[in-house]
Each structure stands twice: as structure tokens, then as C-alpha cells.
Amino acid sequence: MNSDLISIIYEITKKFRDPISNKTFDRNNEDVKISHKDGHINIAIIINPNNRSKYDDLSIKLKESLKKVPDLLSVNIILTSEKKTESNNNEHTKFQNPAKNIIAIASGKGGVGKSTFAVNFAVSLEKLGNKVGLLDADIYGPSVPRMMGISGKPVSNNNNKLIPLKNYNVSCMSIGFLIDVDTPAIWRGPMVMKALEQMFNGVEWGDLDYLIIDLPPGTGDAQLTLAQNSKLTGSIIISTPQDVALIDVRKGINMFNKVNVPILGIVENMSYFICSNCNEKHEIFSHGGVKEESKKLNVDFLGELPIDKDLRIGSDEGNPICISNPKSEIAKKYFEIANKINLRFK
């Protein structure tokens with residue numbers, strides 16, 4: 001079941017309210033758990049068993065509404081009395097929700113331009129009139145400080161929360177702000193998880209429309225922790241078009257599917273290069289592989305981004321191409337992708 005179908009299901013469930021709490025059954029409702037496999041969907045609703053009879057009518061109507069969705073083979077509504085005390089005890093381990101939409105930028109492997117995309121995507125969303133934050137979750141290779149042209153260290157406010165550093169009207173947080181630029185983060189898993197939690201919960205993000213998370217490459221502890229605990233709205237996968245990169249794309253998509261994080265789309269980066277001398281198009285890393293893969297996986301293809309010299313220069317100088325030359329062809333492609341995503345949540 002693809003992310004579009006999950007979105008359709010949430011469009012239906014959010015029309016219903018809990019008869020006791022009056023909460024809408026949307027993505028932010030912790031009492032609603034949706035799982036799926038091969039066209040069969042289970043919706044678990046956590047209730048107080050003393051109020052079970054008040055959910056009977058709701059269950060019938062919700063099930064009838066979902067049966068109308070194409071491609072669904074079966075719908076099962078489960079009323080469960082999961083103990084609230086256990087939920088409360090685990091609350092401190094979950095990341096808070098600092099934004100209306102939290103989008104992870106991911107890649108199956110390193111070196112495909114994920115951080116460059118995250119920076120320009122965040123800037124593009126801000127230019128579309130949104131309040132945007134950018135979290136650099138790549139603990140071992142933070143790139144956001146350099147690419148966003150930000151130096152210095154964040155300070156704490158009266159609530160002992162770090163105030164994010166800001167440039168181009170985008171609020172940023174990175175481990176790169178907290179350690180020296182040449183100091184490696186030689187940390188084991190628990191320290192990495194603690195650092196991620198601190199940068200998520202311990203930052204005064206303010207009222208954001210979007211928090212963009214630049215994930216580390218791969219499918220390790222950091223990715224799983226953020227995917228499971230940060231209530232991601234969805235993820236965008238970045239890949240180059242050659243087969244060796246697409247193998248890892250499948251792994252990344254499978255990871256997000258297993259933790260029920262919608263895939264908002266895939267981007268083919270370094271799709272081609274236009275020579276400044278002969279003006280011919282060169283497909284250095286092959287071409288079209290990501291688009292073909294998106295069809296096989298039934299995931300939205302968001303677009304192609306070329307290799308661009310000015311993009312590289314701007315990234316090195318802390319001046320994103322969507323700021324330095326917003327009318328350039330590659331900047332227009334970033335704005336097109338940002339607009340596609342923005343329209344989904346408006």
C-alpha cells in the first residue's frame with residue numbers, strides 16, 4: 001500500500017472524532033494506530049474499556065466509509081485498552097512535535113546531494129511564505145552550517161532551550177554549531193540518540209509550518225529513532241540515477257514503510273550535466289533510473305536536478321542557489337518541488 005493510499009485513509013479518518021475526547025482521528029492523534037499489509041488495513045483505537053459501547057457506532061461508520069476506498073481488500077477496526085500509565089511513562093522518550101509538518105530528507109547512501117537538496121528545499125519553502133526550520137541530523141558529517149553560511153554557537157533562553165541560529169529566515173540547528181569544525185564526533189549509538197533528542201526537544205523552534213530534517217545516509221539507528229519517535233509527516237528520498245544507488249533507495253523506502261512513514265516522493269539528483277562549452281547534455285551517472293524506480297515502487301517522482309557548478313559554489317560559500325540566483329533553471333526546479341509538497345499540506 002503506497003503513501004497516497006495512506007493519505008486517502010487519513011483524509012477519511014480525520015472526518016471522525018473520538019466520542020469521549022472529541023479528538024480528530026488524524027495523524028497527530030496518538031490514540032489511533034494504522035497498520036497495513038497487501039491491501040489489508042487494521043485501525044487500532046486506544047480507549048477506556050468502560051466506554052467501549054460508545055465506540056460501536058463510530059466503528060461501524062468508519063469501517064463503511066473506508067470500504068469505499070479502491071484497492072482496499074479488508075478493513076478491521078480494533079478497540080484496545082492500552083494502559084495510559086505505560087503511555088505516560090514512555091512519553092519522555094518521544095520527541096516533541098515542533099512543527100505542523102516534519103519532513104525527513106533521506107538517502108540510501110552518501111554522496112548523492114541530500115544535504116544540498118535539504119538546504120535549498122528548506123529555503124524554497126520559506127520563499128513560498130512558510131515558517132521553516134532545518135535540523136541537521138547528520139551527526140557524523142554535519143553540512144548545514146557551511147551550506148547555510150552560519151557560524152557561532154547557539155545560546156540558551158530562560159527555559160534552558162537552545163535558540164536556533166537563523167539565516168535566510170530559516171531557523172537552523174546542527175551538531176556542527178556545538179563542536180569545532182575540525183572535531184570529529186566519535187560517538188557510539190546512545191550518545192548519538194541523546195544528541196538527536198536534545199536538538200529536537202531542547203531547541204526553541206517556535207511556531208513552524210515545516211521542520212526539514214537532513215538525515216544521515218543509510219538506514220541506521222539515527223534514521224530509525226527519528227522515524228519512530230518524531231511523528232514524521234513524510235520523507236523525501238534523494239538518489240542519483242545509477243543502479244548502485246537505486247539498490248540503497250529500495251532499502252530506505254522499505255525502512256520508512258515498516259515504520260509507517262509516508263514517502264512523499266523521490267528526486268533524481270545529478271541527473272545530467274550541461275556543458276558550458278558545447279551546451280550539450282551529458283548523462284554522467286546514467287539518466288531516468290529514479291523515475292523508472294518510482295513507477296515500480298508506486299511512489300511519486302518529484303523531478304530531476306542536474307549537476308550545476310553554481311549550485312556547488314553557492315553551497316561551499318553558504319549562499320544557496322535559491323537565494324543567490326532564484327531565477328536560474330536549477331533554482332526553478334527546487335521551487336517546483338517545494339511547491340508540489342507545499343500544495344499537499346495547504
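First, a word on scope: everything that follows refers to the structure included in this document. (Residues numbered from 1 in each chain as written. Predicted model: local features only at pLDDT ≥ 70, side-chain atom pairs only at ≥ 80, totals over all residues. Heavy atoms only, no water.)

For the rest of this paragraph, the subject is the overall build of the protein. Broken down by element type, the protein carries twelve helices and 13 strands. Residues classed as buried in the protein amount to 49% of the 346 residues present. Within the protein, residue pairs in contact and separated by at least 24 positions form 72% of the contacts whose partners lie at least 6 positions apart. When the accessible surface of the protein is summed, it comes to about 17200 Å², and 48% of that surface belongs to carbon and sulfur atoms. (Helix = DSSP H or I, 4+ residues; strand = E, 2+ residues; numbered from the N terminus. Buried < 20%, exposed > 50% of the residue type's maximum accessible area, 1.4 Å probe, protein only. Contact = heavy atoms within 4.5 Å. Areas by Shrake-Rupley, 256 points an atom, 1.4 Å probe, with all protein chains shown as cover.)

So, about the environment of valine 75. Structurally, valine 75 is set in strand S3 (residues 74-80). Take valine 75: its relative accessible area is 9%, and that puts it in the buried class. Not counting residues within four places of it along the chain, the set of residues in contact with valine 75 comprises Ile41, Lys63, Leu66 and Lys67.

Here we come to the pattern of salt bridges. For the coordinates displayed, the defined rule picks out eleven salt bridges. Among the salt bridges present, the one from glutamate 64 reaches lysine 67, with a minimum N-O distance of 3.9 Å. The residue arginine 250 makes a salt bridge to glutamate 293 at a minimum N-O spacing of 2.6 Å. Highlighted residues: arginine 250 in helix H8 (residues 243-258) and glutamate 293 in helix H9 (residues 289-297), separated in sequence by 43 residues. Residue class for arginine 250 comes out partly exposed when judged on its relative accessible area of 32%. Classification of glutamate 293 by relative accessible area gives buried; the value is 4%. (Salt bridge = Lys/Arg side-chain N within 4 Å of Asp/Glu carboxyl O.)

As a further point, take empty space enclosed by the protein. Counted under the stated rule, the structure contains three cavities of 30 Å³ or more. In this structure, the second largest cavity encloses a volume near 40 Å³. Lining the second largest cavity are eleven residues, and of these Ala106, Ser107, Gly218, Gly252 and Phe256 sit closest to its centre. Broken down by element, the residue count for the lining of the second largest cavity peaks at five residues, all from H8. When its residues are assigned to classes, the lining of the second largest cavity shows six nonpolar, five polar and no charged. (1 Å grid on protein atoms, 1.4 Å probe; cavity = no way out; pocket = protein on both sides within 12 Å on 5 of 7 lines; lining within 4 Å. Points joined across faces, edges and corners; volume = space filled by probe spheres on them. Nonpolar A, V, L, I, M, F, W, Y, C, P; charged D, E, K, R; others polar.)

So, about the nonpolar core. In terms of nonpolar packing, the biggest core is built from 76 residues, with Phe117, Phe121, Leu134, Ile212, Ile213, Ile236 and Phe256 touching the most fellow members. Discounting residues that sit within four places of it in the chain, isoleucine 236 has contacts with Ile103, Ala104, Ile105, Ala106, Phe117, Phe121, Leu264, Gly265, Val267, Leu302 and Ile341. Listed in part, the 22 residues of the second largest apolar core include Leu5, Phe16, Phe25 and Ile34. (Core = buried A, V, L, I, M, F, W, Y, C linked by side-chain atoms within 4.5 Å.)

Turning our eyes to something else, we now look at the layout of surface pockets. Of the pockets and cavities examined, the largest pocket occupies roughly 1300 Å³. What lines the largest pocket is a set of 46 residues, and nearest its centre among them are Tyr10, Arg27, Asn28, Leu232 and Asn260. Ranked by the residues each element gives to the lining of the largest pocket, the list is headed by helix H1 (residues 3-13), at six residues. Of the residues contributing to the lining of the largest pocket, the split by class is 18 nonpolar, 15 polar and 13 charged.

This next bit is on the packing of aromatic side chains. Tallied over the entire structure, the rule returns three aromatic pairs. Ring centres 5.7 Å apart and planes at 40 degrees place the aromatic pair phenylalanine 117 and tyrosine 334 in the tilted group. Taken together, the residues span a long stretch of sequence, with phenylalanine 117 in helix H4 (residues 114-127) and tyrosine 334 in helix H12 (residues 329-344) at a distance of 217 residues. Each of the two residues, phenylalanine 117 as well as tyrosine 334, counts as buried. Judged by centre distance (6.4 Å) and plane angle (70 degrees), the rings of tyrosine 210 and phenylalanine 345 are edge-to-face. (Phe/Tyr/Trp six-rings, centres within 6.5 Å; stacked < 30°, edge-to-face > 60°.)

Burial of strand S4 (residues 99-106) is extensive: seven of the eight residues sit out of reach of the surface. With six bridges joining them, S4 and strand S8 (residues 208-214) adopt parallel strand pairing. Bridge pairing in S8 links asparagine 101 to tyrosine 210. (Pairing = 2+ DSSP bridges.)

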